[in-house]
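Residue strings, one per chain:
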Amino acid sequence: MVGKVFAGLIGGLFVAFLGYFQYGMMAIDVTSQSEPSLVPFFVAWVLAMVVACTAKRTGKAWRRLLLISAILCFLLPISGLIFTGNAVVDTANGAEAAGAAIGGGLVSGFMGFVGFFLGIIFLIVGLLTGRDKQVIVVREGQVVPEG
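In what follows, the accompanying structure is described. Model, not experiment: these values are computed from the prediction.

Taking 1.5 Å per residue, 17 residues should reach 24 Å; helix 3 (residues 58-74) reaches 25 Å between its end C-alpha atoms and fits that length. Taken together, the buried positions of helix 3 are occupied by Ala61, Arg63, Leu65, Leu66, Ser69, Ala70, Leu72 and Cys73. On its buried face, helix 3 is in contact with helix 1 (2-27), helix 2 (39-53), helix 4 (76-90) and helix 5 (94-128).

Structure follows, in structure tokens:
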């Protein structure tokens, strides 16, 4: 149980950070200088703790959290597009809207690049962690699972 709680604390921090980053990109108001609330960060962290603690083994907890992190990384470009849309809508005249569209396109492209590579790393590590190892022995032409 200690390993699952540790996985929930550390792996849940990754999930909470990525989820909060997505929420912050979508909920930010470009015209005002207000910060998004921290409540979604802690809600995501608690949900990640629940996901980790309900796993059968510590390896499965890490696997779940890493795969959730991979999904959130692959969704980063979508939050960048929503951020760009909010920035373009909030601007008043043509030059500001054009600048917001160009800058938002650069942000979306960068987030797609970073999100893709981080997502691939989380996905590969998540798929290799916590697997059920199965030994298959071949005897006289028959495949017999052992264990």
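Turning to the packing of helix 1 against helix 4, a few remarks are in order. In the contact formed by helix 1 and helix 4, the axes pass within 7 Å of each other and the chain directions differ by 20°. The angle between the axes of helix 1 and helix 4 places the two elements in the roughly parallel class. Seen from above, helix 1 lies across helix 4 with left-handed handedness. Across the interface between the two elements, Phe21, Gln22, Met25 and Met26 of helix 1 pack against Leu76, Ser79, Gly80, Ile82, Phe83 and Asn86 of helix 4. Across the contact of helix 1 with helix 4, the residue classes tally to six nonpolar, four polar and no charged.

It is worth spelling out the packing of helix 2 against helix 3 at this point. Pairs of packed helices are described in terms of their axes, by the angle between the two and the distance that separates them. Direction vectors running N to C along helix 2 and helix 3 enclose 140°, while the axes themselves pass 8 Å from each other. Judged by the inter-axis angle, helix 2 sits oblique to helix 3. For helix 2 against helix 3, the interelement crossing comes out right-handed. Only Ala61, Arg64, Leu65 and Ile68 of helix 3 make contact with helix 2, whose side of the interface consists of Ala48, Val51 and Ala52. Among the residues making up the contact of helix 2 with helix 3, the classes are represented as six nonpolar, no polar and one charged.

On the surface, Met26, Ile71, Leu75, Ile78 and Ile82 cluster together into a nonpolar patch covering about 410 Å² of accessible area. Judged by relative accessible area, Ile82 falls into the partly exposed class, the value being 34%.

All right, on to the environment of Gly105 then. Inspection of the secondary structure assignment puts Gly105 in helix 5. With relative accessibility at 42%, the residue Gly105 sits in the partly exposed group.

The subject of this paragraph is the nonpolar core. With 13 residues, the main nonpolar core has Val15, Leu18, Ala61, Leu65 and Phe122 as its most contacted residues. Contributing elements (two or more residues each) for this core: helix 1, helix 2 and helix 3. Ranked by residue count, the leading element in this core is helix 3, at six residues. Excluding residues that lie within four positions of it along the chain, Leu65 makes contacts with Ala7, Gly8, Gly11, Gly12, Val15, Ala48, Val51 and Ala52.

Time to look at the side chain of Ser79. As for its position among the elements, Ser79 is in helix 4. Assessed through its relative accessible area of 1%, Ser79 is described here as buried. Separated by 2.8 Å, the side chain of Ser79 and the backbone oxygen of Leu76 make a polar contact. Leaving out residues up to four positions away in the same chain, Ser79 has contacts with Gln22, Met25, Met26 and Met111.

Scoring rules and cut-offs
- Along each chain, the written sequence defines residue order, and numbers are assigned to residues from 1.
- Per-residue local features are limited, in this predicted model, to residues with pLDDT of at least 70; the limit for side-chain atom pairs, both in listing and counting, is 80 or more; totals at the level of whole chains, interfaces and linings are taken over all residues.
- Only hydrogens and water are removed before side-chain values are computed, so all heavy atoms of the structure are retained for them.
- The secondary structure listing takes helices from DSSP runs of H or I that are at least 4 residues long and strands from runs of E that are at least 2 residues long, numbered from the N terminus.
- The span expected for a helix works out to 1.5 Å for each residue beyond the first.
- The buried label goes to any residue with under 20% of its type's maximum accessible area, the exposed label to any with over 50%, and the partly exposed label to all in between, with areas taken from a 1.4 Å probe on protein chains only.
- It only takes one pair of heavy atoms within 4.5 Å for two residues to be counted as in contact.
- Structural elements are reduced to axes, namely lines fitted to C-alpha atoms, with helices fitted over the stretch in contact, and the angle between N-to-C directions of any two is expressed from 0 to 180 degrees.
- Under this scheme an angle from 65 to 115 degrees is roughly perpendicular, one under 35 degrees roughly parallel, and one over 145 degrees roughly antiparallel; angles in between are oblique.
- The crossing is said to be left-handed when, going from far helix to near helix, the turn is anticlockwise and less than a right angle, and right-handed when the turn is clockwise.
- Amino acids outside the nonpolar list (Ala, Val, Leu, Ile, Met, Phe, Trp, Tyr, Cys, Pro) and the charged list (Asp, Glu, Lys, Arg) are all regarded as polar, and Gly is one of them.
- Note on patches: the residues involved have over 30% relative accessible area and no salt bridge, like charges join within 9 Å, and the nonpolar side chains Val, Leu, Ile, Met, Phe, Trp and Tyr join within 5 Å.
- Note on areas: Shrake-Rupley, 1.4 Å probe, and residue coverage restricted to the protein chains presented here.
- By definition, a salt bridge exists where a carboxyl oxygen of Asp or Glu is found within 4 Å of a side-chain nitrogen of Lys or Arg.
- In these notes, a set of buried Ala, Val, Leu, Ile, Met, Phe, Trp, Tyr and Cys residues joined through side-chain atoms within 4.5 Å is what counts as a nonpolar core.
- N or O atoms closer than or at 3.5 Å make up a polar contact, with two conditions inside protein: a donor-capable atom paired with an acceptor-capable one, and, for residues adjacent in sequence, both atoms drawn from side chains.

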